[in-house]
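Listed below, chain by chain, are the residues.
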Amino acid sequence: MWLECIECGRKFDVGSRFYTCPECGGLLEVELDLEAIKKKLGDRGLGPEPPRVWKYRDFLPIFDDSKIVSLGEGGTPLIRCDRLSKEIGIEELYVKFEGSNPTGSFKDRGMTVGVTRALELGVRSVACASTGNTSASLAAYAARAGLRCVVVLPKGKVALGKLVQALIYGAKVLAIEGNFDEALAAVRQLCEKRGDIYLLNSLNPFRLQGQKSIGFEIAEQLGWRVPDKVVVPMGNCANIWAIYKGFFEFKAVGVTKEVPEMVGIQAKGASPIVKAIKRGLDTFEPVEKPETIATAIRIGNPVNGPKAIRAIRSSGGTAESVSDAEIIKAQKLLARLEGIGVEPASAATVAGLKKLARRGEIARDDCVVCVATGHLLKDPEEAIKVAAASRLMDGEVF
Ligand code: F0G
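Residues numbered from 1 in each chain as written. Predicted model: local features only at pLDDT ≥ 70, side-chain atom pairs only at ≥ 80, totals over all residues. Heavy atoms only, no water.

## Some details on the UniProt feature "modified residue: N6-(pyridoxal phosphate)lysine" (unreviewed entry) in the protein
Here is step 1 of the chain: Here, the residues flagged by UniProt with the feature "modified residue: N6-(pyridoxal phosphate)lysine" (unreviewed entry) are Lys107.
Here is step 2 of the chain: Here Lys107 is to be found in helix H3 (residues 107-121).
Here is step 3 of the chain: Apart from residues lying up to four places away in sequence, Lys107 is in contact with Asn133, Thr134, Ser137 and Arg207. (UniProt positions renumbered as here; feature names shortened; annotations may be inferred. Helix = DSSP H or I, 4+ residues; strand = E, 2+ residues; numbered from the N terminus. Contact = heavy atoms within 4.5 Å.)

So, in structure tokens, the structure goes:
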């Protein structure tokens with residue numbers, strides 16, 4: 001196992017404490033000895049145990065099992081959505097409902113690994129910047145591990161449900177004037193200055209290792225096959241890479257035969273990666289003042305942009321942006337046709353799928369999985385605004 005820079009290819013000891021390549025500043029990735037894993041699995045397979053993050057222990061870079069910090073994350077349902085399928089014109093459509101994780105988002109998959117890593121390193125404090133879900137999850141896992149937790153949030157821009165979580169789990173909450181990108185710059189500076197505070201944003205490649213399990217679980221839940229397309233909302237752009245990496249590793253060790261096409265969705269007002277993909281570029285231009293109702297993905301300068309571009313390109317996928325109106329429509333559609341309640345960032349996947357299906361870029365007979373990253377109740381204010389207000393005004397029974 002080693003760390004590898006995705007830009008210059010230099011390799012580093014897996015025990016290194018830096019978050020980006022010390023030579024060129026590129027993003028780092030944890031690479032595993034896949035041949036060794038293949039041999040190990042060849043003897044005993046992955047077993048009949050139901051899916052959850054730690055079922056895929058062989059693919060997780062943790063050395064001391066006694067340090068594992070878990071709240072039972074992963075094992076989220078893959079829900080077949082026939083009524084939504086009909087509406088959109090896709091024959092086989094599933095929603096991977098990440099809202100059913102312990103703190104209500106996919107971040108828990110990363111934090112179980114990231115906070116375990118923090119214990120292995122012997123740090124006493126962890127920190128992150130966040131649009132909300134990362135901070136909620138880190139606060140919970142830090143509490144469970146007995147670590148101090150600092151979260152830096154863009155003031156007034158974090159959904160209520162997420163803020164409440166960080167507070168109740170006992171994190172020290174710092175609200176800064178500015179947006180997420182500025183909050184991340186501030187917390188990176190803090191962690192660079194204070195080596196005893198461990199940064200758990202998605203810049204940290206260990207955290208992403210846990211998020212690979214979304215790909216593992218989708219493949220397992222489909223009977224060890226992969227869908228044609230996996231649709232993922234992109235904010236700081238790490239999750240689409242992590243899911244891709246999961247599928248890539250499963251293929252490399254012979255568990256599955258293919259890697260699905262990765263489809264990344266951004267909100268129109270925060271879509272630098274979609275623009276880069278559409279123009280065929282390898283680099284992207286940050287958006288200075290990102291805006292969208294989907295606060296989770298209101299990010300203009302995604303630090304993991306280069307990883308997202310690679311995941312989309314290497315898998316032969318695509319990217320699309322959607323308006324706030326399209327997001328709201330999709331959020332209601334998913335709730336009312338399937339009983340699946342998601343926050344706006346997650347609904348962006350359904351909105352994007354609708355658009356791509358209409359244009360024929362996703363075919364009727366494609367098997368598609370939308371990754372619904374966060375629970376409806378994360379952002380109750382948005383939900384009540386778009387769903388209930390008009391009914392109350394009409395005098396309907398609430
Ligand atoms: N969906 C939800 C619900 C999120 O909270 C996020 C990211 C994403 C999608 C995008 O994932 O950043 O890996 O591309 N939320 C981060 C946070 C930024 O601070 O909670 P990504």
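## A look at the sheet that holds strand E2 (residues 11-13)
Here is step 1 of the chain: Pairing in this open sheet of 3 strands is antiparallel, and the strands run E2-E1-E3 from one edge to the other. Each of the sheet's edge strands pairs with one partner strand only, and the pair in question is E2 and strand E3 (28-31). The average angle at which neighbouring strand axes cross in this sheet is 35°, direction not considered. (Pairing = 2+ DSSP bridges. Axes fitted to C-alpha atoms, helices over the stretch in contact; angles between N-to-C directions.)

## Concerning the nonpolar core
Here is step 1 of the chain: Of all hydrophobic cores here, the largest spans 89 residues; its most connected members are Phe59, Val126 and Ile218.
Here is step 2 of the chain: No other element matches the 7 residues that helix H9 (residues 239-252) contributes to this core.
Here is step 3 of the chain: Residue assignment places this core across two domains, with domain 1 (78-104 + 207-386) and domain 2 (106-206) each supplying three or more.
Here is step 4 of the chain: Look past the residues within four positions of Ile218 in its chain and what remains in contact with it is Leu78, Lys96, Arg225, Pro227, Val230, Phe247, Val369 and Val371.
Here is step 5 of the chain: The next biggest cluster of nonpolar side chains, apart from the first, holds 33 residues, and it includes Ala296, Val342, Val350 and Ala351. (Core = buried A, V, L, I, M, F, W, Y, C linked by side-chain atoms within 4.5 Å. Buried < 20%, exposed > 50% of the residue type's maximum accessible area, 1.4 Å probe, protein only. Domains from an automatic or database assignment.)

## A look at the domain arrangement of the protein
Here is step 1 of the chain: Partitioning the protein into structural domains gives domain 1 (78-104 + 207-386) and domain 2 (106-206).
Here is step 2 of the chain: Taking only C-alpha atoms into account, the centre of domain 1 sits 23 Å from that of domain 2.
Here is step 3 of the chain: If you look at the interface, domain 1 gives 34 residues, while domain 2 gives 34 residues.
Here is step 4 of the chain: A combined buried area of about 2,700 Å² lies between domain 1 and domain 2, and 49% of that area is made up of carbon and sulfur atoms.
Here is step 5 of the chain: Contact with domain 2 buries surface across domain 1, with Thr103, Arg207 and Lys378 losing the most and accounting together for 32% of the total.
Here is step 6 of the chain: At the boundary of domain 1 with domain 2, the tally comes to 3 salt bridges.
Here is step 7 of the chain: For Arg109, the salt bridge is made with Glu98, and the minimal N-O distance between the two is 2.6 Å.
Here is step 8 of the chain: Across the contact surface, domain 1 and domain 2 share 22 residue pairs in polar contact (both at pLDDT 80 or more).
Here is step 9 of the chain: At the level of secondary structure, the elements contributing two or more residues to the side of domain 1 that touches domain 2 comprise helix H7 (205-211), helix H8 (213-221) and helix H14 (380-393).
Here is step 10 of the chain: Considering each element in turn, the side of domain 1 that touches domain 2 owes the most residues, 5 residues, to H7.
Here is step 11 of the chain: The class makeup of the residues in the side of domain 1 that touches domain 2 is 10 nonpolar, 14 polar and 10 charged. (Buried area = accessible area lost by both parts, 1.4 Å probe. Salt bridge = Lys/Arg side-chain N within 4 Å of Asp/Glu carboxyl O. Polar contact = N/O pair within 3.5 Å; in protein donor to acceptor, adjacent residues only side chain to side chain. Nonpolar A, V, L, I, M, F, W, Y, C, P; charged D, E, K, R; others polar.)

## A word on the packing of helix H10 (residues 272-279) against helix H11 (residues 305-314)
Here is step 1 of the chain: Where H10 contacts H11, the two axes come as close as 10 Å, and the packing angle between them is 45°. With respect to each other, H10 and H11 are oriented oblique. For the pair H10 and H11, the crossing hand works out as right-handed. For the pair H10 and H11, contact is made by Ile273, Ala276 and Ile277 and by Gly305, Ala308, Ile309, Ile312 and Arg313, respectively.
Here is step 2 of the chain: When the residues that make up the contact of H10 with H11 are grouped by side-chain class, the tally is 6 nonpolar, 1 polar and 1 charged. (Parallel < 35°, antiparallel > 145°, perpendicular 65-115°, else oblique. Left-handed = near helix turned anticlockwise from the far one by under 90°.)

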